[in-house]
Amino acid sequence: MSTGLISLAAGVLIGLLYALLKVRSPAPPALALIGLLGMLAGEQAMRHVLHADDTAQQAPVTRTTGASS
């Protein structure tokens, strides 16, 4: 299971526990969390763009086998 899914599941479980105990969450307002989500999405998108540029610039690798004909 990916780290992101584990983190999401843990957050949901803690949220449910807070709701059951009627504890006020110390988390920032929802608007700030949406901004944070946008920042993370932008970071991931940029990583994919940069990774695509790196692979496009690399020369193709040819593989040879040890078998002779």
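As annotated in an unreviewed UniProt entry, the chain is XapX domain-containing protein from Silvania confinis.

A. Representation of the overall build of the chain in the model. From N to C terminus, the chain includes two helices and zero strands. In the chain, which comprises 69 residues, the proportion classed as buried is 0%. Of the roughly 6,600 Å² of accessible surface on the chain, a fraction of 68% belongs to carbon and sulfur atoms.

B. Up close: the pattern of salt bridges. Applying the stated criterion across every chain yields a total of one salt bridge. A salt bridge links Glu43 to Arg47; the nearest nitrogen and oxygen atoms lie 2.9 Å apart. Highlighted residues: Glu43 and Arg47, both in helix α2 (residues 30-57), separated by four residues, approximately one helical turn.

C. Structural context of unusual backbone geometry. Of note in the backbone geometry, Lys22 takes a positive phi value of approximately 55° without being a glycine. Take Lys22: it is sitting in the loop between α1 (3-21) and α2.

D. Quick peek at a nonpolar patch on the surface. A surface patch of nonpolar side chains, amounting to about 500 Å² of accessible area, comprises Leu5, Leu8, Val12, Leu13 and Leu16. Its place among the elements puts Leu13 in helix α1.

E. Fine view of α1. Spanning 19 residues, α1 covers 27 Å between terminal C-alpha atoms, matching the ideal 27 Å at 1.5 Å per step. Downstream of α1 by a residue or two, Lys22 has a phi angle that is positive, lying close to 55°.

Quick notes on the rules
- Residues numbered from 1 in each chain as written.
- Predicted model: local features only at pLDDT ≥ 70, side-chain atom pairs only at ≥ 80, totals over all residues.
- Heavy atoms only, no water.
- Helix = DSSP H or I, 4+ residues; strand = E, 2+ residues; numbered from the N terminus.
- Buried < 20%, exposed > 50% of the residue type's maximum accessible area, 1.4 Å probe, protein only.
- Areas by Shrake-Rupley, 256 points an atom, 1.4 Å probe, with all protein chains shown as cover.
- Salt bridge = Lys/Arg side-chain N within 4 Å of Asp/Glu carboxyl O.
- Patch = residues over 30% accessible without salt bridge, like charges linked within 9 Å, V, L, I, M, F, W, Y side chains within 5 Å.
- Expected span 1.5 Å × (residues − 1).

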